[in-house]
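Descriptive structure summary
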Amino acid sequence: MQRAITLLRMQFPYRVASDVPLFLAPMAGVSESPFRLLCRRFGADVVVSEFISAVGVSRGIAALFADMRFDEAERPIGIQLYGADATVMARAAEMVTAVCKPDFIDINFGCPVKKVVKNNGGSGCLKDLGQVQAIIRAVRGATHLPVTVKMRSGWDDAQRDPLTIALRCREAGAQAITLHARTRTQMFSGTADWDEIAALVERLDVPVVGNGDIRTPEDVVAMRRHTGCAGIMIARGSFGNPWIFAQARDLLAGRPRRRDPDPAERFAVALEHARLALRLQGDSRRTALEFRKHFGWYTKGVPGAAGLRERLFQIESMQQAEAIFLEAAA
Ligand SMILES: Cc1cc2nc3c(=O)[nH]c(=O)nc-3n(C[C@H](O)[C@H](O)[C@H](O)COP(=O)(O)O)c2cc1C
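Quantities reported herein were computed from a predicted structural model and do not represent experimental measurements. (Residues numbered from 1 in each chain as written. Predicted model: local features only at pLDDT ≥ 70, side-chain atom pairs only at ≥ 80, totals over all residues. Heavy atoms only, no water.)

Details of the site of the ligand
The full set close to the ligand counts 16 residues, and Q80, K150, N211, D213 and R236 are the nearest of them. One nitrogen or oxygen atom from the side chain of H180 is found 3.5 Å from an oxygen atom belonging to the ligand. Class assignment for the residues of the shell around the ligand results in seven nonpolar, five polar and four charged. (Near = heavy atom within 4 Å. Polar contact = N/O pair within 3.5 Å; in protein donor to acceptor, adjacent residues only side chain to side chain. Nonpolar A, V, L, I, M, F, W, Y, C, P; charged D, E, K, R; others polar.)

See the structure below:
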């Protein structure tokens, strides 16, 4: 009976299709609707939007609402909010709930970017756990949707204490917690400390999602073994590589993993990605410029791709990109 109750508590607060769900991480400039859709198709179970300013949302900035649009096929999807003011965060959560209707709201306590941290948003909040709790409580009170948290291990080495932070988040009402097991001052250097994820799994009564340094499908299995985490989140390992989700799913299911995509498959998916962006984001120069990085990632390591990359890095419209990939995929 006790075990049944514990297992029930460990369930994600939104519907997921797998025992061990795989998450596409929130990534500014990367985890936008077209890429989220692709990753869902390749087996990501849950996706999260890039971080969205609560201040901007509460002021009704139209561009932000455009950024938060998603396709029904992306569900389950979380919209991630950041901000340091509990009242503003609550107002934004209320608006996102009413207008966007995602499956959950994720609060960002991990972002290390200076302009965010300067105003005590993102990982800046980690210096004041009272504030962290006030934000979570306010957001929970403002939405009927599940509220989850994504955090780092602490502000710096001296204040590194992910367990205390996570327990305080839980106490304030966080219904699932993702840990990127690095401090803010580490940014992306060093390695993520998976032992810290294991410690959270041991002590928390809500699902813990492990994040940090998943580069290969094999890493997914290794993190699950090492930590027992309920779900696994992949960020940089998915760059130009939505296949990582399908391959990881194979390994988690005990099957040999499917082979790596050949160049023709890579080009075909890059083309599909470009077409999705064209459909969902329009053919602005901005979309094309922002898209160049994806092309670099899709063509990385492909023999003879240098010429292709050179052409792709000069595109000014998504139609040009489509034409280049169409030619390459032929
Ligand atoms: C380009 C980029 C943008 C990111 N943007 C966000 C963000 O908007 N919100 C967030 O919580 N984390 C963000 N992150 C952090 C990732 O979600 C993740 O925690 C981190 O990259 C560690 O995972 P990895 O080792 O699999 O890359 C970003 C990371 C990258 C590389």
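Structural notes on the nonpolar core
Ranked by size, the top nonpolar core spans 99 residues in total, and within it V57, L81, I107, F109, V149 and I177 carry the most contacts. Both of domain 1 (2-252) and domain 2 (263-329) provide at least three residues apiece to this core. Setting aside its immediate chain neighbours within four residues, F109 contacts G122, S123, C125, L126, V132, I135, I136, V149, K150, M151 and R152. (Core = buried A, V, L, I, M, F, W, Y, C linked by side-chain atoms within 4.5 Å. Buried < 20%, exposed > 50% of the residue type's maximum accessible area, 1.4 Å probe, protein only. Domains from an automatic or database assignment. Contact = heavy atoms within 4.5 Å.)

Focus on empty space enclosed by the protein
All chains considered together, the criterion is met by one cavity of 30 Å³ or more. Estimates place the volume of the largest cavity at around 70 Å³. Contributing to the lining of the largest cavity are F12, Y14, F23, V48, F104, D106, T148, A176, I177, T178, V209 and M233. Those elements that place two or more of their residues in the lining of the largest cavity are β4 (104-109) and β6 (177-183). Looking at the lining of the largest cavity residue by residue, the classes come out as nine nonpolar, two polar and one charged. (1 Å grid on protein atoms, 1.4 Å probe; cavity = no way out; pocket = protein on both sides within 12 Å on 5 of 7 lines; lining within 4 Å. Points joined across faces, edges and corners; volume = space filled by probe spheres on them. Helix = DSSP H or I, 4+ residues; strand = E, 2+ residues; numbered from the N terminus.)

With respect to the pattern of salt bridges
Tallied over the full model, the rule gives 21 salt bridges. Across the pair E265 and R259 runs a salt bridge whose closest N-O atoms are separated by 3.0 Å. Notably, a salt bridge pairs E327 with R311, separated by 3.4 Å at the nearest N-O pair. Note that E327 is positioned in helix α15 (residues 318-329) and R311 in helix α14 (residues 306-312), a separation of 16 residues in sequence. Given a relative accessible area of 52%, E327 falls into the exposed group. (Salt bridge = Lys/Arg side-chain N within 4 Å of Asp/Glu carboxyl O.)

Re helix α9 (residues 194-203)
Turning to α9, its buried residues number three or more, namely W194, E196, I197 and L200. Down the axis, α9 shows its buried residues gathered within 155 degrees of arc, on one side only. Exposed and oriented more than 90 degrees from the buried face of α9 are E202 and R203. Contact partners of the buried residues in α9: β5 (147-154), α8 (162-172), β6, β7 (208-211) and α10 (217-227). Between the side-chain oxygen at the start of α9 and the backbone nitrogen of D195 there is a gap of 3.0 Å, and the oxygen is on D193. (Arc of directions from axis to C-beta.)

Considerations on the sheet that holds strand β1 (residues 22-24)
Read around the closed barrel, the eight strands follow the order β1-β2-β3-β4-β5-β6-β7-β8; overall the barrel is parallel. Neighbouring strand axes in the sheet, compared pairwise and without regard to direction, differ in orientation by 30 degrees on average. Here two bridges tie β1 to strand β2 (residues 46-53), and the two strands are oriented parallel to one another. Within the sheet, the bridge partner assigned to L24 lies in β2 and is V47. Along the sheet face, helix α2 (residues 33-41) touches β1, β2 and β3 (77-82) and points at about 160 degrees away from the line of β2. Along the sheet, helix α7 (residues 129-142) makes contact with β4 and β5, crossing β4 at roughly 165 degrees. (Pairing = 2+ DSSP bridges. Axes fitted to C-alpha atoms, helices over the stretch in contact; angles between N-to-C directions.)

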